[in-house]
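Below, each chain spelled out in residue letters.
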Protein chains: 2
Amino acid sequence: MQLFMKPAYLTHLSTAEAAIRATGERLTQPRVAVLACLLASERATSHLDVAGMLVDHHAVDRVTVYRVLEWLVNQGISHRIAGDDRVWRFMINPQQTSAKSAAHGHHAHFTCETCGQTFCLNKTIPKVDVKLPKGFRPFEIDLLVRGCCAACS
Amino acid sequence: MQLFMKPAYLTHLSTAEAAIRATGERLTQPRVAVLACLLASERATSHLDVAGMLVDHHAVDRVTVYRVLEWLVNQGISHRIAGDDRVWRFMINPQQTSAKSAAHGHHAHFTCETCGQTFCLNKTIPKVDVKLPKGFRPFEIDLLVRGCCAACS
DNA sequence: GTCTCCATGCTACTCAGTTGCAACTGCCAC
DNA sequence: GTGGCAGTTGCAACTGAGTAGCATGGAGAC
Ligand SMILES: [Mn+2]
Ligand SMILES: [Mn+2]
Ligand SMILES: [Zn+2]
Ligand SMILES: [Zn+2]
């Protein structure tokens, strides 16, 4: 009889391994473990969250966590969002069906002002048209909804 | 004949002074000077920008700049936006006609990916409706357009 | 099994923002 | 005007996220 529950990310290790193999890049323990953490998270996850999740079974140096998270972004596997607390948080990209260069479809984010958690809103953004001053060319639009999440309501 | 141009913020000192008097709070040199800097800026301004602008004629300790900028936000005179470089930038609120508690009307921002500058888009945001999961309640929406500004095009 | 190159771990660093505290000053009462 | 006090400033020390340099280690090619 064990005293502590197994961490949830363990069930995602094989999925993570497959996704990393698919990139053609090197398969390493930290990459698998960090990606499994993101796969196990419903919400945006900081480097510190990841390091904390892994400390018991797959301890990884904090600098490596930073580097792996950045690598996952560059591979098109995850994306990062800046929070009001100056911390980057990371999430798996929604539909990896397309090629990695296709970037993940624009999607909005939701931040709960009560608990501070951030979620992806997986629906594609309804086309917003903002009037820009003369000479300004838009590339893409970030949309962040602030409010109160289901758990905090 | 003078060698250096007078800094632009000097012409805004009296406007700044009036705005601070209007709050009913204490009128101090750093508050007037920092607010004058924001009044003189078309674009989002970091605490370091402000400190740099003031160094010659109204040198202010950097911690005071931080505190005054935060105070201006609390007074409803300016607002702050987080950049991708983890730096807060500040701007005067557009229409101060209403009471300070009315918060400044929602407006979108534009960040130039080339020069890194951020501008307010003063038109009110066209009503966006995003589908939220059950139980999520929205308060407000932040909208950030990424692109290339007129000067960089 | 060996070799090579890339990834990891570790230490030391940068940089934005914060905290604690003593000294100062705006402002009100008199 | 002068005094007193609370709010504000300046300074120094600190925090916490993220980065850089470099020696060691392991993944994958052969
Ligand atoms: Mn997202
Ligand atoms: Mn703005
Ligand atoms: Zn919440
Ligand atoms: Zn530009």
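Everything here concerns the structure above.
All figures in this text were calculated on a predicted structure; none of them were measured in a lab. (Residues numbered from 1 in each chain as written. Chains lettered and ligands numbered in written order. Predicted model: local features only at pLDDT ≥ 70, side-chain atom pairs only at ≥ 80, totals over all residues. Heavy atoms only, no water.)

Caption draft 1: Structural context of the coordination of the manganese ion (ligand 1). Residue and element names in this part refer to chain A. Every protein donor of the manganese ion (ligand 1) is accounted for by His79 (NE2), His107 (NE2), His109 (NE2) and Cys120 (SG), and the metal-donor separations fall at 2.0 to 2.2 Å. Positions of the donor residues of the manganese ion (ligand 1), expressed as sequence spacing, correspond to H-x27-H-x1-H-x10-C. Its relative accessible area of 10% is what places His109 among the buried residues. (Donors = N, O, S within 2.8 Å, 3.2 Å for Na, K, Ca; no water. Buried < 20%, exposed > 50% of the residue type's maximum accessible area, 1.4 Å probe, protein only.)

Caption draft 2: Quick look at the packing of helix α3 (residues 47-54) of chain A against helix α4 (residues 62-74) of chain A. Residues and elements named next belong to chain A. Where α3 meets α4, the axes come as close as 10 Å, and the angle between the chain directions of the two elements is 120°. Judged by the angle between their axes, α3 and α4 are oblique. Here α3 runs over α4; the crossing is right-handed. Two secondary-structure elements touch here, α3 through His47, Val50 and Ala51 and α4 through Arg62, Val65, Tyr66 and Leu69. Residue classes in the contact of α3 with α4 are distributed as 5 nonpolar, 1 polar and 1 charged. (Axes fitted to C-alpha atoms, helices over the stretch in contact; angles between N-to-C directions. Helix = DSSP H or I, 4+ residues; strand = E, 2+ residues; numbered from the N terminus. Parallel < 35°, antiparallel > 145°, perpendicular 65-115°, else oblique. Left-handed = near helix turned anticlockwise from the far one by under 90°. Contact = heavy atoms within 4.5 Å. Nonpolar A, V, L, I, M, F, W, Y, C, P; charged D, E, K, R; others polar.)

Caption draft 3: Representation of the sheet that holds strand β2 (residues 78-82) of chain A. All names here are of chain A. Strand order in this open sheet of 3 strands is β1-β3-β2, and the pairing throughout is antiparallel. Edge positions in the sheet fall to β1 (45-46) and β2, since each of these pairs with one other strand and no more. Contacting β1, β2 and β3 (88-92), helix α2 (residues 29-40) crosses the sheet at an angle of about 80° to β3. Each of β2 and β3 touches α4; the most contacted strand, β2, lies at about 115° to it. (Pairing = 2+ DSSP bridges.)

Caption draft 4: A look at the relation of the copies chain A and chain B. Overlay of chain A on chain B (RMSD 0.2 Å): rotation 179°, translation along the axis 0.0 Å. When the rotation and shift are considered jointly, the pair of chain copies conforms to a two-fold rotation axis. (Least-squares fit on C-alpha atoms with pLDDT ≥ 70 in both.)

Caption draft 5: Seen up close, unusual backbone geometry. Not every positive phi belongs to a glycine, and Arg86(A) is a case in point at roughly 65°. Assignment of secondary structure puts Arg86(A) in the loop between β2 and β3.

Caption draft 6: Representation of the coordination of the zinc ion (ligand 3) within the structure. Residue and element names in this part refer to chain A. Within the protein, the atoms that donate to the zinc ion (ligand 3) are Cys112 (SG), Cys115 (SG), Cys149 (SG) and Cys152 (SG), at distances of 2.2 to 2.4 Å. Viewed at the metal, the 4 donor atoms of the zinc ion (ligand 3) are separated by angles of 103 to 118°, and the geometry they form is tetrahedral. Written as a sequence motif, the donor residues of the zinc ion (ligand 3) are C-x2-C-x33-C-x2-C. With Cys112 in strand β4 (residues 107-112) and Cys149 in the segment after β6 (137-148), this pair connects stretches of sequence that are 37 residues apart. (Tetrahedral: all angles 85-135°; square planar, octahedral: opposite > 155°, others 65-115°.)

No statement about biological role is implied by the geometric values presented.
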